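The chain contents come next:
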Amino acid sequence: MANINALHLRHKEEIESSIQSVIDKAAFIKGDEVATFEQDLESYLNVPHAISCGSGTDALTIAMMALGLERGDEVIMPSFAYAALPEAALLLGIKPVFVDINENYLLDVDALETAITEKTKAIAAVHLFGAHCDMDSIKEIADRHDLRVIEDAAQSLGTYYQGIIQGYTGCIGDIGITSFFPSKNLGCYGDGGAIFTKSKELADKARMIANHGQNKRYYHEIIGLNSRLDTIQAAVLRVKLKYLNETLKRRISVAHFYHENLSEISQLRLPRHNKSVNCTFHQYTIECESGELRDKLQDFLKSKGVSVMIYYPLPLHHQKAYSQSIPLKNAERMSKRVLSLPICSEKTTEELEYITNQIKDFFNTIK
Ligand SMILES: Cc1ncc(COP(=O)(O)O)c(C=O)c1O
């Protein structure tokens, strides 16, 4: 929360005056700020269509509905990720087919082809922790099998993909999404999300679905949802979007600090992002040599007041709600060994030194 408060303080006057203008106009639903924010987002991402909605989870549901995915269809997705994807799929009667991840915690493209069946309709690429998936390979496989590509860029807004294909994550496949959950790269002051696509047809459909399936008030053409970005949230996001590149730069410099200060510790594997993999470091996730070591490090850092988190302690294929008995080696290993260090745009050098010194102390004492 400290980050959200500190970031608010940085732009306090501008954000609060933007919120106040919504209150003054009392246009809380679909006020002008929503359409203007969508246009700002389209320009920032260089994508023709950005459709805002109530949350990243809703955005995934809307994306799958807009693609026309139906009960019994299969969508391939990584097992090491947030639960929103399988949840949205299963609520629509779509089967999530979990595959393993690579060393960068991202969809393992080598696992894709064997997961494809005659029921597969789409591949869902999750750009986890701010890093991008290998979109060239994913698109190539999808095109060869006539599959759609859904991108979950909830954790990677602002990450630029520079492969044969180029573009911001979320805007490369057939349809993509992001989340404006407060701690995300671009966070609002509540829930919010957006859908991105280059296709006008998909955009029109997504927009209709997000608004009760209506194009014209009280004329419902398809089954939809009530999933709109509040005008107040759009007012906050409009201001924060102007500073997104600066905010991301500061977040990336925190990751560099960790990298420089922790790379000597042989029992840790640091994120492998390098110049060929752009990353906005939504998380800075390290992997310990063993699960036991991770648990000890976590307890130690917590006792020193460092708020570390485990993203994610249980792979999706082992979750009670979506359980599939398949062996996914990397997802299982990572969930036991990963630890995410505090990262945000507003961390001070003193705070970072404290965290890295604690980590070094821990490894010195267990030698
Ligand atoms: C990878 C990923 N996808 C989807 C979501 C869902 O977004 P929201 O919380 O806005 O519904 C999240 C949120 O944490 C996420 O991290």
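Here the structure is a predicted model, which is why all the values come from computation and not from measurement.

What counts, and at which threshold
Residue numbers restart at each chain and count upward from 1, following the sequence in its written direction. Residue-level local features of this predicted model are given only where pLDDT is at least 70; pairs of side-chain atoms are given and counted only at 80 or more, and the full residue set underlies all totals for whole chains, interfaces and linings. Just so you know, side-chain values use all the structure's heavy atoms and leave hydrogens and water out. Per-residue accessibility, obtained with a 1.4 Å probe over protein chains only, is compared with the maximum for each type, and a residue is labelled buried under 20%, exposed over 50%, and partly exposed between these values. Helix and strand assignments follow DSSP, with helices taken as H or I runs no shorter than four residues and strands as E runs no shorter than two, numbered in order from the N terminus. By definition in these notes, contact holds between two residues if any of their heavy atoms fall within 4.5 Å. Residue ranges labeled as domains rest on an automatic or database domain assignment. What counts as buried area is the accessible surface, traced by a 1.4 Å probe, that two parts surrender upon association, with contributions from both included. A carboxyl oxygen of Asp or Glu within 4 Å of a side-chain nitrogen of Lys or Arg is what we treat as a salt bridge. Two N or O atoms form a polar contact when they lie within 3.5 Å of each other; inside protein one atom must be a possible hydrogen donor and the other a possible acceptor, and for residues adjacent in sequence the pair counts only when both atoms belong to side chains. Think of it this way: a Phe, Tyr or Trp ring, Trp meaning its six-membered ring, pairs with another when their centres are within 6.5 Å, and the plane angle makes it stacked under 30 degrees, edge-to-face over 60, tilted otherwise. Geometrically, a charge over a ring is one whose NZ (Lys) or CZ (Arg) sits within 6 Å of the ring centre while staying within 35 degrees of the ring normal.

S.K.: Account for helix α7 (residues 135-144), with residues named and values stated.
M.R.: The set of residues buried in α7 consists of Met135, Asp136, Ile138, Lys139, Ile141 and Ala142. Those residues of α7 that are buried lie in contact with α6 (112-115), β4 (120-126), β5 (148-152) and β6 (160-162). Taken from the residues just after α7, aspartate 146 is the one with a positive phi, measuring 55°.

S.K.: Describe the domain arrangement of the protein, naming the residues involved and giving the relevant values.
M.R.: Partitioning the protein into structural domains gives domain 1 (2-98 + 105-242) and domain 2 (244-365). One C-alpha centre belongs to domain 1, the other to domain 2, and the line joining them spans 25 Å. The partner domain 2 presents 36 residues to the 38 residues of domain 1 that form the contact. Contact with domain 2 buries area across many residues of domain 1, yet Phe98, Tyr105 and Phe129 alone supply 24% of it, more than any other trio. Between glutamate 346 and arginine 10 there is a salt bridge; the shortest N-O distance is 2.9 Å. Counting the contacts that link domain 1 with domain 2 gives 15 residue pairs in polar contact (both at pLDDT 80 or more). When contributions to the side of domain 1 that touches domain 2 are tallied by element, the ones reaching two or more residues are α1 (2-10), α5 (84-91), β3 (95-99), β6 and α9 (231-242).

S.K.: Can you break down the packing of aromatic side chains residue by residue, with the values?
M.R.: Within the structure shown, the criterion is met by 13 aromatic pairs. Members of the aromatic cluster, each reached through a chain of ring pairs, are Phe80, Tyr82, Tyr105, Phe129, Tyr311 and Tyr312. The positively charged end of lysine 216 is found above the aromatic ring belonging to tyrosine 219, 4.5 Å away from the centroid.

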